[in-house]
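# Structural features, examined
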Amino acid sequence: MSDGLLVTGGTVLTVNERNEVIEDGAVFIERGRIADLGEAAALNERYPNAERLDAAGQAVLPGLVNLHLHSGLIRGTAEDLPVFEWLAKYVDPKHRALTEELAYAAARLSYAEGILSGTTCVMDMYRFMHRCAEAADQLGLRATLAPYVVDKPGMDYFESLEKNERLVREFSGAAGGRIQVWFALEHLTYCTEGAYRQAAALAEKYGTGIHTHGEESREMAARLHQETGRWPVELFCDRGILGPKTVLAHCVWLQPEEMELLAKTGTSVAHCPVSNLKLASGIAPIKELLDLGVNVGIGTDGVKENNNLDMLEELKFVPLLQKARLLDATAIPAETALRMATIDGAKALGLDEEIGSLEIGKKADLIVVDFRKHHLTPIMRGKYSNAVSNLVYAASGSDVSHVFVEGHPLMKDRKLLTADAEQIRLEAQDAAEKLFALREPFIPA
Ligand SMILES: [Zn+2]
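Since the model is a prediction, treat every value here as computed from it, not as a measurement.

### Comments concerning the sheet that holds strand E10 (residues 183-185)
A sheet is described by the order of its strands in space; here 5 strands give the open sequence E10-E11-E12-E13-E14, paired in parallel fashion. At either margin of the open sheet sits one strand with a lone partner, and together these are E10 and strand E14 (296-298). Here the strands of the sheet are splayed against their neighbours by 20° on average, with no regard to which way each runs. Pairing geometry for strand E11 (residues 210-213) and strand E12 (residues 246-249), over 4 bridges, is parallel. Considered in E12, the bridge of His213 is made with Ala249.

### Description of the coordination of the zinc ion
Around the zinc ion, the donor atoms from the protein are His68 (NE2), His70 (NE2), His213 (NE2) and Asp301 (OD), and they sit 2.0 to 2.6 Å away. Coordination at the zinc ion is irregular: its 4 donor atoms span angles of 84 to 177° at the metal. Site description for the zinc ion: donor spacing in sequence, H-x1-H-x142-H-x87-D. Residue His68 is located in strand E6 (residues 64-69), and its partner His213 is located in strand E11; the two are separated by 145 residues in the primary sequence. Exposure remark for His68: the relative accessible area of 0% places this residue in the buried category. For His213, a relative accessible area of 5% puts it in the buried group.

### Considering helix H15 (residues 387-394)
Every buried residue belonging to H15 is among Ala387, Val388, Asn390, Leu391 and Val392, and all of these are buried. As for H15, its buried residues are in contact with strand E1 (5-13), strand E5 (58-62), helix H12 (311-326), helix H13 (334-341) and strand E15 (366-370).

### Considering the environment of Leu358
By secondary structure assignment, the location of Leu358 is in the loop between helix H14 (343-348) and E15. For Leu358, a relative accessible area of 1% puts it in the buried group. The spacing of Leu358 and Val27 is 331 residues in sequence and 8.3 Å in space, taken between C-alpha atoms. With residues up to four places along the chain from it excluded, the contact list for Leu358 reads Val12, Leu13, Thr14, Val27, Ile34, Leu37, Val60, Leu61, Pro62, Asp365 and Leu366.

### Overview of empty space enclosed by the protein
Taken as a whole and assessed by the stated rule, the structure comprises 3 cavities of 30 Å³ or more. Each pocket or cavity is described by its volume, and for the largest cavity that value is around 150 Å³. In terms of lining residues, the largest cavity is bounded by 17 residues, among which Trp86, Leu87, Glu186, His213 and Glu216 are the most central. Of all the elements, helix H2 (residues 83-97) adds the most residues to the lining of the largest cavity, at 5 residues.

### What to know about the nonpolar core
Residues Leu61, Tyr111, Leu145, Leu289 and Leu391 are the most contacted members of the largest nonpolar core, which totals 134 residues. Among the elements that take part in this core, helix H3 (residues 100-116) stands out by supplying 10 residues, more than any other. Apart from the residues within four sequence positions on either side, Leu391 is in contact with Leu13, Leu61, Leu312, Leu338, Val369 and Phe371. Listed in part, the 16 residues of the second largest apolar core include Val12, Ile34, Leu358 and Leu366.

### Details of the sheet that holds strand E7 (residues 119-124)
Judged by pairing direction, the sheet is parallel, and its 4 strands sit side by side in the order E6-E7-E8-E9 without closing on themselves. Strands with a single pairing partner mark the edges of an open sheet, and in this sheet they are E6 and strand E9 (179-181). Mean inter-strand twist for the sheet, computed between neighbouring axes without regard to direction, equals 15°. Summarising the sheet, E7 and strand E8 (residues 142-145) pair through 4 bridges and their orientation is parallel. Each residue of the ladder has a partner; that of Asp124, found in E8, is Leu145. Contacts from helix H5 (residues 161-171) reach E8 and E9 within the one sheet, and its direction differs from that of E9 by about 150°.

### A look at the packing of H12 against H13
Closest axis-to-axis distance for the H12/H13 pair is 9 Å, and the angle between their directions is 135°. It follows from the interaxial angle that H12 and H13 lie oblique. Crossing of H12 against H13: the hand is right-handed. Packed against H12, whose contacting residues are Met311, Leu315, Val318 and Pro319, the element H13 presents Ala337, Leu338, Met340 and Ala341 at the interface. Broken down by class, the residue content of the contact of H12 with H13 amounts to 8 nonpolar, no polar and no charged.

### Quick word on the packing of aromatic side chains
Under the definition given, this model contains 6 aromatic pairs. Here the aromatic rings of Phe158 and Tyr190 are separated by 5.8 Å at their centres, their planes lie at 85°, and the arrangement is edge-to-face. Highlighted residues: Phe158 in the loop between E8 and H5 and Tyr190 in the loop between E10 and helix H6 (193-206), separated in sequence by 32 residues. Both residues of the pair, Phe158 and Tyr190, belong to the buried class. The rings of Tyr148, Tyr157, Phe158 and Tyr190 are connected pair by pair, giving a single aromatic cluster. In this structure, Arg127 is placed above the aromatic ring of Phe158, and the distance from its NZ or CZ to the ring centre is 5.8 Å. The cationic tip of Arg218 hangs over the ring face of Trp253; the distance from NZ or CZ to the ring centre is 5.1 Å.

### Details of the domain arrangement of the protein chain
Under the domain assignment, the protein chain is made up of domain 1 (5-62 + 359-416) and domain 2 (64-348). For domain 1 versus domain 2, the distance between C-alpha centres works out to 29 Å. Facing 28 residues of domain 1, the contacting portion of domain 2 comprises 28 residues. At the boundary of domain 1 with domain 2, the tally comes to 2 salt bridges. Where domain 1 touches domain 2, the interface holds 7 residue pairs in polar contact (both at pLDDT 80 or more). Residue assignment for the side of domain 1 that touches domain 2 shows that the elements contributing at least two residues are E5, H15, strand E16 (400-405) and strand E17 (408-412). Taken together, the residues of the side of domain 1 that touches domain 2 sort by class into 17 nonpolar, 5 polar and 6 charged.

Cut-offs used in this document
Within every chain, residues take consecutive numbers counted from 1 along the sequence as written. pLDDT decides what is reported in this predicted model: residues at 70 or higher carry local features, side-chain atom pairs at 80 or more are listed and counted, and totals for whole chains, interfaces and linings draw on all residues regardless. Hydrogens and waters are ignored; side-chain quantities use all the structure's heavy atoms. Two strands pair if DSSP finds at least two bridges between them. The way it works is that DSSP assigns letters per residue, a run of H or I at least four long becomes a helix, a run of E at least two long becomes a strand, and they are numbered from the N terminus. Here, axes are lines fitted to C-alpha atoms. For helices the fit covers the stretch in contact, and angles between N-to-C directions go from 0 to 180 degrees. Each metal site lists N, O and S donors within 2.8 Å (3.2 Å for Na, K and Ca). With water left out of the atoms, a site can look as if it is missing ligands. Tetrahedral means four donors with every angle between 85 and 135 degrees, whereas square planar (four donors) and octahedral (six donors) require angles over 155 degrees between opposite donors and between 65 and 115 for all others; sites fitting neither are termed irregular. When a residue's accessible area, from a 1.4 Å probe over protein chains only, is under 20% of the maximum for its type it is buried; when over 50% it is exposed; and in between it is partly exposed. Two residues form a contact once any of their heavy atoms are found within 4.5 Å. Using a grid of 1 Å spacing that covers the protein atoms alone, one calls a set of points a cavity when a 1.4 Å probe fits there but cannot get out, and a pocket when the set is open and has protein on both sides within 12 Å along at least five of seven lines; lining residues are those with an atom within 4 Å of a point. Grid points are joined across faces, edges and corners, and a volume is the space filled by probe spheres set on the points. By nonpolar core is meant a set of buried Ala, Val, Leu, Ile, Met, Phe, Trp, Tyr and Cys residues that side-chain atoms within 4.5 Å join together. An angle below 35 degrees is treated as roughly parallel, one above 145 as roughly antiparallel, one from 65 to 115 as roughly perpendicular, and anything else as oblique. A clockwise turn of the near helix away from the far one marks a right-handed crossing, whereas an anticlockwise turn of less than a right angle marks a left-handed crossing. Gly is put with the polar residues, along with every residue not named as nonpolar or charged; the nonpolar set is Ala, Val, Leu, Ile, Met, Phe, Trp, Tyr, Cys and Pro, and the charged set is Asp, Glu, Lys and Arg. Each pair of aromatic rings taken from Phe, Tyr and Trp, with Trp reduced to its six-membered ring, is defined by centres within 6.5 Å and is described as stacked if the planes are under 30 degrees apart, edge-to-face if over 60, and tilted in the remaining cases. Sitting over a ring, as applied to charges here, requires NZ of Lys or CZ of Arg to be within 6 Å of the ring centre and within 35 degrees of the ring normal. Throughout the structure description, domain borders are defined by an automatic or database domain assignment. Each reported salt bridge corresponds to a side-chain nitrogen of Lys or Arg within 4 Å of a carboxyl oxygen of Asp or Glu. What qualifies as a polar contact is a pair of N or O atoms within 3.5 Å, subject to a donor-acceptor requirement within protein and to the restriction that residues adjacent in sequence count only when both atoms come from side chains.

Have a look at this one:
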């Protein structure tokens, strides 16, 4: 009979307040929580009966938090168009055609891809999200569901606030507390002022959060300003949605007064660097936001704008873009990028007391990344320690060997344990073919 699990011998990146790194470290997991952590020698002695997972040559760190994701099936087929043309040609027709079964296949595919690349927690903005709850429950993932609500006329194929409210009531705290449900609105051009106000009131009523797209297009920010006299973040403020339980995706083009508003209200930003590059949106002023104390997490966005959900790949772009934009090699250190992908993402979701760092008492959401690879050699220690740099600049999702959520193994030795990975892939292939057939009539000439 095993007495807890000891992940031992690895380099433990705690991402605690001091970014403490423990070489030859160990993490002891009991009843879903981190019951102890420290030097491997001491913990090996303290827990002689624990089941052991040898992490020698590997890094042990908090699971990655993907703060902005859309589950999806149209990877690689929505390319090379500016964002609003891209929405009209590829994305809205897909929304018109999407069914509950197809959404379920998309969520299963996206969550499996996430787990296989080290993600333990997502905020997914998608449709038919009772089925996303089912997918997250099965796969063991931690998820915040944020349905695509739209209320502008002619777009009733999206979700409604009524359905969003029902989802909040039925699924908040589901899957043993791993699922939370937020109110979510697509975009300022898809939703009325009333929808934002109503979402703010509902979020207050249920004590939950709000997720929406901040502006990614410079032209659209200018157009909104021309029409209303207010910049996008000011519009969000007028409509009552800013605050510590709100996450705005993108925020690529911000006036200084908008950055101040984000800082003053404690609103978080989900930075999606690859999506912003692919859709030619631009480079978000992340360094300036961090300097103002704005909490920023990282998201991959969906496969239609990325084209993968690999958070370790995403992580590399965060410091690189700021360095190049500001011609400042010190703009964002690797430690800061790692914090954004873990504890800061958790904070944005209101989960930082429970997850996001490896600390005694927290839930055991953690991953192990195998550094015994040519592209991660050498592994250096002490004053030449390169574990964090290796992770941010050299590792990718396929280097993740084990994934745990609340102490449950979701992936071990790269094998998904909570579902049949190959079946998920085949079902997604089939679902995508159906979706493309159903979408055909909605594609504008
Ligand atoms: Zn998005």
